[in-house]
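# Structure assessment
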Amino acid sequence: MARKGSWRRRTVLMLVLVMVAGAIYTAVGFLQRSETLITERCTATGAGGEDLATDQAANAALISAVAVRRGLPARAASIALATAMQESKLRNIGHGDQAGPDSRGLFQQRPSQGWGTEEQVMDPYHATNAFYDALVKVPGYESLPITQAAQRVQRSAYPGAYAQHEPMARAFASALTGFTPQGLDCSLRKPDAAGDPAEVQDRLAADFGVAAAVSGRTVTVVAEGNRAWAVAQWAVANAKPLSIADVRADGQAWSRSARNGWQATDGTAGGQVTITLAEAPAG
């Protein structure tokens, strides 16, 4: 009788363990499929764990694209990103602080100090170009430590603060200027609306100064090497606001729905980047 009772207890225990394992498997599967539980973030290789929210990543992409358009080195973009992160958390904010009550925008530029009108410094393109205009006048800025180069432009009351953002700035700048292929990834939920190819086309012209072709829901840019990867990873960084579904470049593909980063593919023609826009969500 003792042996029979022991056997029954073991059987019951095994059944309980199987049920618990099944419940855990089901729960994990649910969590992986649940859109509401996905934390939307963008990461860059070598960023030291400092990820960016999707709006920050889109602003980082604009700042880096302007550097590419101007023919500036990736170092310029690194300096600009570290500066904007310290000054505004990479957000286009419409207020200042005690040190600069009239400061505004991505770089917290002050109209009273000649950076432009309030409307101009709130324009990310004007603000970014104004920053680079000042940066390129700093002798040897390419070889200066980021914090020193940023301080020469900003003249901040806290000059050492820029250094804390150097790993993030260098990693995102390297990816977004195309020097680190497959270096940027964004984890996103399903899009809320269909993407507009014309809007992507306009943004590419504004940010990079490139002409893009549109066919259906696909936008194509002719580009090779670093510039191709700059455009491709710009598209990933803007996948949230522009409802981008897939990006392909140099034999690699990024899929919003797969959420597995860049993967090898044989569906990309050489010398071009293809950006596919999301369709309207069902229901």
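Above this text sits the structure in question.
Let me sum up the structure you'll find in this document.

Parameters at a glance
The numbers attached to residues start from 1 for each chain and follow its sequence in the written order. At least 70 in pLDDT is required for a residue's local features to be given in this predicted model, at least 80 for side-chain atom pairs to be given and counted, and no such filter applies to totals for whole chains, interfaces and linings, which use all residues. Hydrogens are left out, water is left out, and the side-chain values use all remaining heavy atoms of the structure. By salt bridge we mean one thing: a side-chain nitrogen of Lys or Arg within 4 Å of a carboxyl oxygen of Asp or Glu. Helix and strand labels come from DSSP, where a helix needs a run of H or I of at least four residues and a strand needs a run of E of at least two; each type is numbered from the N terminus. Classification of residues uses two cut-offs on accessible area relative to the type maximum, computed with a 1.4 Å probe and protein chains only: under 20% is buried, over 50% is exposed, and between them is partly exposed. One requirement defines pairing of two strands: DSSP has to find at least two bridges between them. With axes taken as lines fitted to C-alpha atoms, and helix axes fitted only over the stretch in contact, angles between N-to-C directions fall between 0 and 180 degrees. Should any heavy atoms of two residues lie within 4.5 Å, those residues are considered in contact. Given a helix with a known number of residues, its expected span is that number minus one, times 1.5 Å.

## Some thoughts on the pattern of salt bridges
A side chain with one charge may pair with a side chain of the opposite charge, provided their charged atoms come close. Applying the stated rule across the entire model yields eight salt bridges. Among the ionic pairs, E40 bridges to R189, the shortest N-O distance being 3.3 Å. Here E40, found in the loop between helix 1 (2–33) and strand 1 (41–44), pairs with R189, found in the loop between strand 2 (184–187) and helix 8 (197–207); they are 149 residues apart in sequence, far enough to count as distant. Overall, E40 belongs to the buried group, its relative accessible area being 13%. Among the residues examined, R189 registers a relative accessible area of 30% and is labelled partly exposed. With a closest N to O distance of 2.9 Å, K240 and E40 form a salt bridge. Here K240, found in helix 10 (residues 239–242), pairs with E40, found in the loop between helix 1 and strand 1; they are 200 residues apart in sequence, far enough to count as distant. K240 gets classed as partly exposed once you look at its relative accessible area, which sits at 29%. Overlapping salt bridges, with partners in common, bring together E40, R189 and K240 in one network.

## Focus on the sheet that holds strand 4 (residues 218–222)
Pairing is antiparallel in the open sheet, where six strands are placed in the order 3-4-8-5-6-7. Both outer strands of the open sheet, strand 3 (213–215) and strand 7 (262–264), are each paired with one neighbouring strand and no more. Neighbouring strand axes in the sheet, compared pairwise and without regard to direction, differ in orientation by 20° on average. Those strands touched by helix 9 (residues 225–237) are strand 4, strand 5 (244–249), strand 6 (252–255), strand 7 and strand 8 (272–277), and its axis lies near 165° from that of strand 5.

## Things to note about helix 9
With 13 residues, helix 9 extends 19 Å between its outermost C-alpha atoms, agreeing within 8% with the 18 Å of an ideal straight helix rising 1.5 Å per residue. Along helix 9, 10 of the 13 residues are buried, which leaves the element largely enclosed by surrounding structure. Burial in helix 9 covers these residues: A228, W229, A230, V231, A232, Q233, W234, A235, V236 and A237.

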